[in-house]
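# Examination of the molecular architecture
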Amino acid sequence: VQLQASGGGLVQAGGSLRLSCAASGRTFSSYDAGWFRQAPGKGREFVASITWGGSSAYYGDSVKGRFTISRDNARNTVFLQMNSLKPEDAALYYCAAGPKYAAATPTRFRYWGQGTQVTVSS
């Protein structure tokens with residue numbers, strides 16, 4: 001499966017952005033999906049994940065209550081709605097796909113898209 005993330009940009013602290021990840025190739029609806037991020041000089045951080053049917057979602061502690069992951073399998077797309085953005089949310093955001101149960105165990109994600117940059121000004 002190939003993944004293409006988009007929607008990044010520059011936003012003021014407290015603002016919102018919506019990231020999209022378009023999938024192509026194999027049947028995307030059979031894959032769990034997720035978002036990760038990496039800031040300069042830091043390791044990759046789990047942000048959010050969602051099961052293949054969209055029934056369950058998981059979030060990293062730093063984004064709980066502010067970010068929402070969703071998916072539209074008819075459009076082969078996963079979204080990340082980011083609200084109340086903070087300067088520490090600035091990073092390169094990656095979408096990922098993996099087999100069932102990857103959402104609950106993010107180390108199982110197997111396919112990665114290119115990143116989309118999010119910059120948050122204070």
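Residues numbered from 1 in each chain as written. Predicted model: local features only at pLDDT ≥ 70, side-chain atom pairs only at ≥ 80, totals over all residues. Heavy atoms only, no water.

## Details of the pairing of strand E11 (residues 116-121)
Burial along E11 is one-sided: Thr116, Val118 and Val120 are buried, and none of Gln117, Thr119 and Ser121, which face the opposite way, are. As judged from the four bridges shared by strand E2 (residues 9-12) and E11, these two strands associate in the parallel manner. The partner of glycine 9 across the bridge, within E11, is valine 118. (Buried < 20%, exposed > 50% of the residue type's maximum accessible area, 1.4 Å probe, protein only. Helix = DSSP H or I, 4+ residues; strand = E, 2+ residues; numbered from the N terminus. Pairing = 2+ DSSP bridges.)

## A short note on the nonpolar core
Formed by 28 residues in total, the largest nonpolar core has its most connected members in Trp35, Leu80, Met82 and Tyr93. Where this core is concerned, the elements lending two or more residues are strand E1 (2-6), strand E3 (17-24), strand E4 (32-38), strand E5 (45-50), strand E7 (67-72), strand E8 (77-82), strand E9 (91-98) and E11. (Core = buried A, V, L, I, M, F, W, Y, C linked by side-chain atoms within 4.5 Å.)

## A few points about the packing of aromatic side chains
One pass over the full model with this rule turns up four aromatic pairs. Judged by centre distance (5.7 Å) and plane angle (80 degrees), the ring pair of tyrosine 31 and tyrosine 111 falls under edge-to-face. Highlighted residues: tyrosine 31 in the loop between E3 and E4 and tyrosine 111 in strand E10 (residues 111-112), separated in sequence by 80 residues. Ring pairing ties together the aromatic residues Phe36, Phe46, Phe109 and Trp112, which thus form one cluster. In this structure, arginine 18 is placed above the aromatic ring of phenylalanine 79, and the distance from its NZ or CZ to the ring centre is 3.9 Å. (Phe/Tyr/Trp six-rings, centres within 6.5 Å; stacked < 30°, edge-to-face > 60°. Lys NZ or Arg CZ within 6 Å of the ring centre and 35° of its normal.)

## Some points on the pattern of salt bridges
Under the definition given, this model contains five salt bridges. Across the pair lysine 64 and aspartate 61 runs a salt bridge whose closest N-O atoms are separated by 3.1 Å. In this structure, aspartate 72 and arginine 75 form a salt bridge, with 3.8 Å as the shortest nitrogen-oxygen distance. By relative accessible area, arginine 75 is classed as exposed at 55%. (Salt bridge = Lys/Arg side-chain N within 4 Å of Asp/Glu carboxyl O.)

## What about unusual backbone geometry?
With a phi angle near 50 degrees, asparagine 76 is a residue other than glycine that sits in the positive phi range. By secondary structure assignment, the location of asparagine 76 is in the loop between E7 and E8. In this structure, tyrosine 101 is a non-glycine residue whose phi angle is positive, near 85 degrees. Topologically, tyrosine 101 is positioned in the loop between E9 and E10. Assessed through its relative accessible area of 62%, tyrosine 101 is described here as exposed.

## So, the sheet that holds E8
In space, the four strands of this open sheet follow the order E1-E3-E8-E7, with antiparallel pairing throughout. If you trace the sheet from one side to the other, it starts and ends with E1 and E7, each paired once. Strand after strand, the sheet turns through a mean of 15 degrees between neighbouring axes, direction not considered. Taken together, the five bridges between E1 and E3 define a ladder with antiparallel strand orientation. Among the inter-strand pairings, glutamine 2 is bridged to a residue of E3, identified as serine 24. (Axes fitted to C-alpha atoms, helices over the stretch in contact; angles between N-to-C directions.)

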